[in-house]
Amino acid sequence: MASILGGALLSASMEMLVGKIVSGEIVDFFRRTKLDSVLLEKMKITLLSLQSVLYDAEDKQIDNPAVKEWLIMLQDAVFQVDDLFDEINTEALRRKVEADQVLIKLSSPFKRFNKNINSKLSKLFETLEHLRKQNLGLKEGDCSRVWNITPTTSVVGDESAFYGRDDDKKKLKEYLLSEDDYDSESKIGVISIVGMGGLGKTTLAKHLYNDLRVKDEFKLRGWAHIPKDLDIFTVTKTILESVTARTITDTNLDKLQVQLQQTLSNTKFLLVLDDIWYGKYVGWNSLNDIFNVGHKGSKIIITTRDERVVLPMQKFLYVHHLRSLDTEYSWALLAKHAFVERNYQQHPNLEIIGRDIAKKCGGLPLAAVALGGILRTKLSQDHWSDVLKNSVWERANDEVQPALLLSYRYLPAYLKGCFAHCSIFPKNSILVKKMVVQLWIAEGLVPQPKSDKSWEKVAEEYFDELVSRSLIRQRSIDNVPSEFVGDEKSCFEMHDLINDLVMAVSSPYCTRLDKHRLDERVDKRVRQLSFDRKEYNSYDKFELFHGLKGLRTFLPMPLQYIWPWDNSVSSKLFSDLLSRMTKLHVLSLSNYENLFHY
């Protein structure tokens, strides 16, 4: 997916870099080692000058390709400066553990280090100055007007977003509890909820799945998210894991289908197959035979963007087309998330603007929720008018909804970097809060706390802020294998459309590789990279990563141990490829049993 907005990492990178330069440790090290302190001060002033126009540049890049290219070049330069200061910090740390500082200062390596650092600093300063002097018509802006965040409330679950769907639920619940109109060949009823992404198909299915009467009617229930690259083995395994609540390690399709058939046999069950895509044949006929062993009245709910996916499944089929929300419901949903105390009647000036914004959501609940999150940060007429009149609304883009682009656009700088980093996680990944915040800290996306807070506490607050803005959402921990969440009480995920957004704004600096990209060359500008551990386990495949000298994150996905039959990696990875990645901040090769033994 091509980048549609530059600067996702830049705002955060610039803020962190300026913080490093003004830190007492760096200033003191320059003074003690006789590095060029004057050049350091000039670098700081130039960065502050560039930082002041970022807000305007992010706006103008939408219509001005030259500004977008300028942002990309600036990001590359900022990464290089940040790498240089990592090198300086490493040297400073090394010298702290040396026994004889005098010998170090007199040694020739010390002189070579100074000369090398001053030379690099000078070249990078010239690059930044060149970018600063470009006549792009950029104006200094007050970034605090959108980066100032108000305290957030507790996580709002999916049930809060259930607006305007009571009639849909009532009708579908009747079909779920009905046992009429079955033909002689099929005992299983299939309900297909069809609609575009972001309409709330999954939310509606969750309300049906968790309804008390439905729970009483179906003693065996299972929820399975079906991956886009469908194959009969993955579908069978996913369904079996959902109804048994255990991890399946068997790799034999016949055995899996026998297990699934035995589990469903003579039972009245309810299955939800969430987000099935049309395209690849997956062997529905064989699954029909398995499903038909259940008791009469068993049901399957399918959510999909294309009703063609369910036509081969059953003769008893009800297709329910989910429509866009009425404007009034869109406004009610937006207002619920924008006004913490639900007191929008006390802000009549904001209600007028808010209703106009709600019209632009296109009837998508996800868009209304996301916009409510950014409007909540400042209940002022100027802020809300700025959102309403933002030029992003006029940008036609098939990849990401304008409302979701705005939810990124109005993130504070420190959250943009954390959000962009989430692009390393594949779609439908289970996000464990503790693991995500550890990655952010290791990557350097979380500044050193200025109070008595820990690094982890600050990062957790960042995570909670993304949740409050509906960019990350809480998911049910039911049927999630224990190895994914460990001792955590909750887990999280990203909606597919939010995942599309994070991929769009983070490209080309964050990327992930799977079986669809085995033969693609990787952009040399990439800094954070994840790869499918099932596909990348031989040295030849890792040759794609040669030349990525600036790589900071190198992670196999999933991080949890779930593929026992693909748990080895070429040992040449250590001796060759990794030795070239000298700027890594984050590396994980855990669960490769030929490297680590537990």
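Residues numbered from 1 in each chain as written. Predicted model: local features only at pLDDT ≥ 70, side-chain atom pairs only at ≥ 80, totals over all residues. Heavy atoms only, no water.

Visitor: Could you clarify how one ought to interpret unusual backbone geometry in this entry?
Guide: Positioned with a positive phi, Asn266 is a non-glycine residue whose angle comes to about 55 degrees. Secondary-structure assignment places Asn266 in the loop between helix H13 (253-264) and strand E3 (269-276). On the basis of relative accessibility, which here comes to 57%, the residue Asn266 falls in the exposed class. Unlike most non-glycine residues, Ser470 shows phi in positive territory, near 65 degrees. (Helix = DSSP H or I, 4+ residues; strand = E, 2+ residues; numbered from the N terminus. Buried < 20%, exposed > 50% of the residue type's maximum accessible area, 1.4 Å probe, protein only.)

Visitor: Is there a simple way to explain the environment of Trp331 in this structure?
Guide: Following the sequence through the fold, Trp331 ends up in helix H15 (residues 327-338). Taking the C-alpha atoms as reference, Trp331 lies 8.9 Å from Glu351; in sequence the two are 20 residues apart.

Visitor: Mind showing me how you'd approach the pairing of strand E8 (residues 510-513) here?
Guide: If a strand is regular, its side chains alternate between the two faces of the sheet. Covered by surrounding structure in E8 are Cys510 and Arg512 together with Thr511 and Leu513, the residues of both alternating faces. Pairing of E8 with strand E9 (residues 528-532) involves four bridges; the strand directions are parallel. Counterpart to Cys510 in the pairing with E9 is Gln528. (Pairing = 2+ DSSP bridges.)

Visitor: Is there a simple way to explain the layout of surface pockets in this structure?
Guide: The method is simple in principle: a probe with the dimensions of a water molecule rolls over the atoms, and the space it marks as empty is what remains. The calculated volume of the second largest pocket comes to roughly 1100 Å³. Along the walls of the second largest pocket sit 36 residues, with Met16, Val446, Pro447, Gln448 and Trp455 positioned nearest its centre. At the level of elements, helix H1 (10-22), helix H2 (24-33), helix H5 (65-96), helix H20 (413-421), helix H21 (433-443) and helix H22 (455-468) are the ones that each hand at least two residues to the lining of the second largest pocket. A per-element tally of the lining of the second largest pocket places H1 first, with six residues. Considering only residue class, the lining of the second largest pocket consists of 15 nonpolar, eleven polar and ten charged. (1 Å grid on protein atoms, 1.4 Å probe; cavity = no way out; pocket = protein on both sides within 12 Å on 5 of 7 lines; lining within 4 Å. Points joined across faces, edges and corners; volume = space filled by probe spheres on them. Nonpolar A, V, L, I, M, F, W, Y, C, P; charged D, E, K, R; others polar.)

Visitor: Sorry, what's going on with the confidence of the model for the protein chain here?
Guide: Low pLDDT means the predicted atomic positions in that stretch should not be read closely. Mean pLDDT over the protein chain: 80, with 79% of residues reaching 70 or higher. Here residues 143-160 is a poorly scored stretch, pLDDT under 50, and it has 38 contacts once near neighbours within four places are set aside; other chains count. (pLDDT = per-residue confidence, 0-100. Contact = heavy atoms within 4.5 Å.)

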